[in-house]
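# Survey of secondary and tertiary structure
Listed here are the chains, written in short residue letters.
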Amino acid sequence: MTLSNPWFLTALLAVLGVFHLELIVLVLNLARLGRALPSSIAPLYPEDTLQKLREYLADGARVTVAQDAASLAALLAVWWGGGFGLLHEWATQQGLGTVGTGVLELAAVSLAGMALNLPFEMWDTFGVEARHGFNRTSWGTFWADKLKTLLLMALLGLPLAWVLVTFFEHQRLAALWAWLFIAAFSLLMTFLSPRLLMPLFLKFTPLPEGELRQAILDLAHRLDFPVGEVSVVDGSRRSSKANAFFAGFGRARRIALFDTLLEKHSQQELQAVLAHEIGHSKLRHVWKHLALGLLELGFMLCLLAWTLQEPGFFAAFGIPGTPVGMGLVLFSILYRPVGMLTGLAGLALSRKHEYEADAYAVRAMGSAAPLREALRKLCVDHLSHPQPHPLAVWLHHSHPPLVQRLAALDRLEGLDSTRHSKGTR
Ligand SMILES: [Zn+2]
């Protein structure tokens, strides 16, 4: 563990670099709240709403900084206190064989990470979100969610860890095998999770017969989008924030609307939000995203295969030899900095897709007005940052800022009206 080990220096710089970058982004973002709002959204933010927004974002930033600082401090303490070496020694003594030892190490570190994050999650849910009127999660739901997550991690995570450690322990082309395995696993989960996993956390009930249900089915039919069921999801049990999504594929596809979305939006706005979601599906965004994700995964696994063969990488964390399980644990520390870089392409693609889905919704609805209204309401109701700093958008945002989405809608309408006026002339 010396500064002469390039792995030690690289890992340290990466971890410290990400911490400071996040800090800078937070400060830049909060500073942006002092700016005057552009005319397209200024009327949405009277002074008291603006004040609420500033307090909410500042409170959230406090949690983030405290959590990041605690994680960094814990990592450095374990790292420089020889904790990784001790963990490996203890795991090896359990007599589980090389693969079992690796799985045990991965499980122990995941549990420790969960335990470390727990107080910050509580602070965020029952402190910040509650103070600003968003939280509706009870302590019972909170702990039940945690327990279910833990069980799922045991049921899915342990076998997955076992397979990965086995591959990297025994196979020559481990990265390729792992890639094929994880790709197949994710595809399977995409199909299974709406039926098996989501119902564990959310309750789906059919949207009652009536005007709204008919309007939604009519829209789906008009856009040639087969739907099996329209459901309402009890999002209100956890948060007052609203959402909508699709689950499943083909005829078994289910439209799910959060009850919180139904509360606040008109029928036209709901249709526009759904048309946007249908746009994502029609324009094959899910598949494009999946393809890019698999590319990133391949890159990560090649990087992993390389680091697992480098004794210097293990030495930088005080581990003798190159035990695969510990290698996976240590790699997960470098995963965030590297993932931040590789994730940029995915975020940029996602933001591009949002514009495309917006445009699809405008065409489907024949007007930009309902989507514009829905986007405004969602942004104000969620107290989202109306004009985040470009660096924050670039690093973290899967959706473009409201101001830019509204401007894109205006441009679409401008195009439309010039086309119409030409046509009538
Ligand atoms: Zn979208």
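Residues numbered from 1 in each chain as written. Predicted model: local features only at pLDDT ≥ 70, side-chain atom pairs only at ≥ 80, totals over all residues. Heavy atoms only, no water.

Along its length, the protein chain carries 16 helices and four strands. Taking 2.2 N^0.38 as the reference for a compact globule, 425 residues should give roughly 22 Å; the C-alpha atoms of the protein chain span a radius of gyration of 24 Å, in line with that estimate. Scored against the burial criterion, the 425 residues of the protein chain give a buried share of 44%. Once local pairs closer than 6 in sequence are excluded, the contacts in the protein chain between residues at least 24 apart make up 76%. Computing the positive centroid from 36 side-chain charges and the negative centroid from 33, the protein chain places the two 6 Å apart. (Helix = DSSP H or I, 4+ residues; strand = E, 2+ residues; numbered from the N terminus. Rg over C-alpha atoms; globule rule 2.2 N^0.38 Å. Buried < 20%, exposed > 50% of the residue type's maximum accessible area, 1.4 Å probe, protein only. Contact = heavy atoms within 4.5 Å. Lys, Arg positive; Asp, Glu negative; His and termini not counted. Charge placed at Lys NZ, Arg CZ, Asp CG, Glu CD.)

Okay, the coordination of the zinc ion next. In this structure, His276 (NE2), His280 (NE2), Glu354 (OE) and Glu354 (OE) serve as the protein donors to the zinc ion, at separations of 2.1 to 2.5 Å. Counting the intervening residues between successive donors of the zinc ion yields the motif H-x3-H-x73-E. Here histidine 276, found in helix H10 (residues 267–282), pairs with glutamate 354, found in helix H13 (residues 324–365); they are 78 residues apart in sequence, far enough to count as distant. Both residues of the pair, histidine 276 and glutamate 354, count as buried. (Donors = N, O, S within 2.8 Å, 3.2 Å for Na, K, Ca; no water.)

The next subject is the side chain of aspartate 358. By the secondary structure assignment, aspartate 358 is in helix H13. With relative accessibility at 2%, the residue aspartate 358 sits in the buried group. Here the side chain of aspartate 358 touches histidine 276 through a polar contact of 2.8 Å, side chain to side chain. Residue contacts for aspartate 358: discarding those within four places in its chain leaves His276, Leu371, Leu375, Arg405 and Leu409. (Polar contact = N/O pair within 3.5 Å; in protein donor to acceptor, adjacent residues only side chain to side chain.)

A full pass over the atoms with the stated rule returns one cavity of 30 Å³ or more. A volume near 40 Å³ is recorded for the largest cavity. As for the largest cavity, its lining consists of Arg32, Leu33, Arg35, Leu37, Leu50, Leu53, His385, Pro386 and Gln387. (1 Å grid on protein atoms, 1.4 Å probe; cavity = no way out; pocket = protein on both sides within 12 Å on 5 of 7 lines; lining within 4 Å. Points joined across faces, edges and corners; volume = space filled by probe spheres on them.)

Once that is clear, we can look at H10. Under the 1.5 Å per step criterion, the end-to-end length of H10 is 22 Å for 16 residues, consistent within 8% with the ideal 22 Å. Residues of H10 that are buried include every one of Glu269, Leu270, Gln271, Ala272, Val273, Leu274, Ala275, His276, Ile278, Gly279 and His280, and no others. Arginine 284 sits one or two positions beyond H10 and adopts a positive phi of about 60°. (Expected span 1.5 Å × (residues − 1).)

Take the pairing of strand E4 (residues 254–258) next. Remark: a regular strand shows side chains that alternate across the two faces of the sheet. Within E4, five of the five residues are buried, leaving the element largely enclosed by the surrounding structure. Here E4 shows a buried face lined by Arg254, Ala256 and Phe258 and a second buried face lined by Ile255 and Leu257. Taken together, the five bridges between strand E2 (residues 229–233) and E4 define a ladder with parallel strand orientation. Its bridge partner lying in E4, valine 232 is registered against leucine 257. (Pairing = 2+ DSSP bridges.)

Following both chains from N to C, one finds helix H1 (residues 6–32) and H13 inclined at 55°, their axes separated by 9 Å at the closest point. Relative to H13, the element H1 is oriented oblique. You can see that H1 and H13 cross each other, and the crossing is left-handed. From H1, Ala11, Ala14, Val15, Val18, Leu21 and Glu22 reach across to H13, where they touch Ile333, Leu334, Arg336, Pro337 and Met340. (Axes fitted to C-alpha atoms, helices over the stretch in contact; angles between N-to-C directions. Parallel < 35°, antiparallel > 145°, perpendicular 65-115°, else oblique. Left-handed = near helix turned anticlockwise from the far one by under 90°.)

Another point: the pattern of salt bridges. Inspection of the entire model under this criterion finds 15 salt bridges. Across the salt bridge formed by arginine 62 and aspartate 59, the nearest N and O atoms sit 2.7 Å from each other. In this pair, arginine 62 and aspartate 59 are both assigned in helix H2 (residues 47–80), three residues apart and thus about one turn of the helix distant. Its salt-bridge partner being arginine 376, residue glutamate 373 comes within 3.7 Å of it at the nearest N-O pair. Taken together, the residues glutamate 373 and arginine 376, both in helix H14 (residues 369–381) and three residues apart, mark about one turn of the helix. Among the ionic contacts, a cluster of salt bridges with common partners joins Glu22, Asp68 and Arg336. (Salt bridge = Lys/Arg side-chain N within 4 Å of Asp/Glu carboxyl O.)

Take a nonpolar patch on the surface next. A contiguous nonpolar surface patch, about 630 Å² in accessible area, is contributed by Leu187, Leu188, Phe191, Leu192, Leu196, Val286 and Trp287. Only helix H6 (174–196) and helix H11 (285–308) provide two or more residues apiece to the nonpolar patch. Among the elements that line the nonpolar patch, the one with the most residues is H6, at five residues. (Patch = residues over 30% accessible without salt bridge, like charges linked within 9 Å, V, L, I, M, F, W, Y side chains within 5 Å. Areas by Shrake-Rupley, 256 points an atom, 1.4 Å probe, with all protein chains shown as cover.)

What follows covers the side chain of aspartate 259. Looking at the secondary structure, you find aspartate 259 in helix H9 (residues 259–264). Once residues lying within four places of it in the same chain are set aside, the contact partners of aspartate 259 are Val232, Val233, Asp234, Gly235 and Ser236.

Another point: the packing of aromatic side chains. Under the counting rule described, the total for this entry stands at 15 aromatic pairs. Taking the centre distance of 5.9 Å and the plane angle of 85° together, the rings of phenylalanine 84 and phenylalanine 317 count as edge-to-face. Of this pair, phenylalanine 84 sits in helix H3 (residues 83–92) while phenylalanine 317 sits in the loop between helix H12 (311–315) and H13, and the two are 233 residues apart along the sequence. Neither residue differs from the other here; phenylalanine 84 and phenylalanine 317 are each classed as buried. With centroids separated by 3.9 Å and ring planes inclined at 15°, the aromatic side chains of phenylalanine 126 and tryptophan 139 adopt a geometry described as stacked. In this pair, phenylalanine 126 is assigned in helix H4 (residues 97–131) and tryptophan 139 in helix H5 (residues 139–170), connecting sequence segments 13 residues apart. One aromatic cluster is present, formed by Trp7, Phe8, Trp79, Trp80, Phe84, Trp306, Phe313, Phe314 and Phe317 through successive ring pairs. Against the face of phenylalanine 142 rests lysine 146, its NZ or CZ located 5.0 Å from the ring centre. It is lysine 148 that lies over the ring of phenylalanine 201; its NZ or CZ is 5.6 Å from the centre. (Phe/Tyr/Trp six-rings, centres within 6.5 Å; stacked < 30°, edge-to-face > 60°. Lys NZ or Arg CZ within 6 Å of the ring centre and 35° of its normal.)

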